[in-house]
Amino acid sequence: MTAARVLRLARVSRTVADLARTAAFYRDALDFRVINEATHDGPAWGQLFGIHGARGQSTTMQLGAQQLELIAFDPAGAPYPPHSQSADLWFQHIAIVVSDIDAAYSRRSAHAFTPISEGGPKCLPPATGSVIAYKFRDPDGHPLELIQFPAGTGNAMWQNTPGLFLGIDHSAIDVANSEESIDFYTRLLGFRVASRSVNSGGAQQRLDGASQDVVEVLALQPGLLEPPHVELLCYSKPVGRAISKTAKPNDIACDRLVLHVDELEKMVGTLRANRVEFLSPGMVAGFGDHDAALVRDPTGHLLLLCH
């Protein structure tokens, strides 16, 4: 019997405190456009997120062919943890591809932001692809990365897309144990490891705003090959703080990877058999036009699985 698998990363879903403010930032500073706005107040909403009686307002935005969802929950949860660092395990960034990183950095700098990287954009060594990158935070504290690929590298889509801000290449999440996470994402979800490297040195340290940075980077590819993909970041130095076992989707730091699955019911059964933690009671019917389930990965990151 063929195992169920994730076909694609449909979007990243972010919890925000002020929906209008954060949507305006992504629109004005990064060229995202609004494609849908919705109110969520039915019982399936609270069941899916494991928060009884929860309601929400959402704005779905698009950049290129990729989507980002912003959700303001009622009741609101905890704010983004203060003094967060790149090695803290709740770290999850969205990598936005740009055609000219100096122009994109200048454009973004016209809007209020919190830097992560030291100074301006950093050119990483050839061993890590010679990409030019810069990390910063949105108004809620969520990490973002601007990334420019040299000619002939990265997904072919980025070599042929017009504009300054082109789309979302990947979402990167910190993990506590790389081998445990590889097993979870490949064996249970059907991802494959597309690349694996260890990044360190001065440029990486300035990119992450951390000293003596050593991070293993694993690119995971879902069943379909178009962006975005998932990256796992496993820091051996510095040692980051763990995700709270009581963290909930209405907490600002609790991003969700929204993953389209070919056979959701079969995957839910597989995850239950492997004692994966569910926040939803199982597969929730009537969530928009889809059935869906919400689970935690081994580190504590939230994955929203849907047809």
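You'll find the structure just up there.
These numbers were taken from a predicted model, which means no experiment stands behind them. What you see as residue numbers is a count from 1 along each chain, following the sequence as written. For this predicted model, a pLDDT threshold of at least 70 governs which residues receive local features, and a threshold of 80 or more governs which side-chain atom pairs are given and counted, while totals over whole chains, interfaces and linings are taken from all residues. The side-chain numbers reported here are obtained from all heavy atoms of the structure, hydrogens and water having been left aside.

1. Examining the overall build of the protein
Helix and strand assignments come from DSSP, with helices taken as H or I runs of at least 4 residues and strands as E runs of at least 2, each series counted from the N terminus. Across its full length, the protein holds 7 helices and 17 strands. Here the C-alpha atoms of the protein give a radius of gyration of 18 Å, agreeing with the 19 Å that 2.2 N^0.38 yields for 307 residues. Projected onto its principal axes, the C-alpha coordinates of the protein cover approximately 45 × 40 × 40 Å. Whether a residue is buried, partly exposed or exposed follows from its accessible area with a 1.4 Å probe, protein chains only, as a fraction of its type maximum: under 20%, in between, or over 50%, in that order. Taking all 307 residues of the protein together, 53% fall into the buried category. Each accessible area is a Shrake-Rupley estimate made with a 1.4 Å probe; only the visible protein chains count as cover when residues are assessed. Approximately 12,800 Å² of the protein is accessible, and the part contributed by carbon and sulfur atoms is 51%. A residue counts as positive if it is Lys or Arg and as negative if it is Asp or Glu; His and the chain ends are not included. To locate a charge, take atom NZ for lysine, CZ for arginine, CG for aspartate or CD for glutamate. Taking the 26 positively charged and 33 negatively charged side chains of the protein as two groups, their mean positions are separated by 2 Å. Here the radius of gyration uses the C-alpha set of atoms, whereas the globule reference equals 2.2 Å times the residue count to the power 0.38.

2. A short note on the packing of aromatic side chains
Classification of ring pairs rests on two measures: the distance between centres of Phe, Tyr or Trp rings, Trp counted by its six-membered ring, which must be within 6.5 Å, and the angle between planes, read as stacked under 30 degrees, edge-to-face over 60 and tilted in between. Here the structure, examined in full by the defined rule, presents 10 aromatic pairs. With centroids separated by 5.8 Å and ring planes inclined at 75°, the aromatic side chains of Tyr-185 and Phe-191 adopt a geometry described as edge-to-face. On the basis of relative accessibility, which here comes to 0%, the residue Tyr-185 falls in the buried class. Through a chain of ring-to-ring contacts, the aromatic side chains of Tyr-105, Phe-113, Tyr-134 and Phe-136 assemble into a single cluster. In our convention, an over-ring charge means Lys NZ or Arg CZ found within 6 Å of a ring centre and within 35 degrees of that ring's normal. The positively charged end of Arg-108 is found above the aromatic ring belonging to Phe-113, 3.5 Å away from the centroid. Stacked on the ring of Phe-278, the Lys or Arg Arg-272 has its end atom at 4.2 Å from the ring centre.

3. Let's talk about the environment of Gly-53
On the secondary structure map, Gly-53 appears in the loop between α2 (43–49) and β3 (55–63). For Gly-53, a relative accessible area of 53% translates into the label exposed. Residues Gly-53 and Gly-42 lie 11 residues apart in sequence; the distance between their C-alpha atoms is 8.4 Å.

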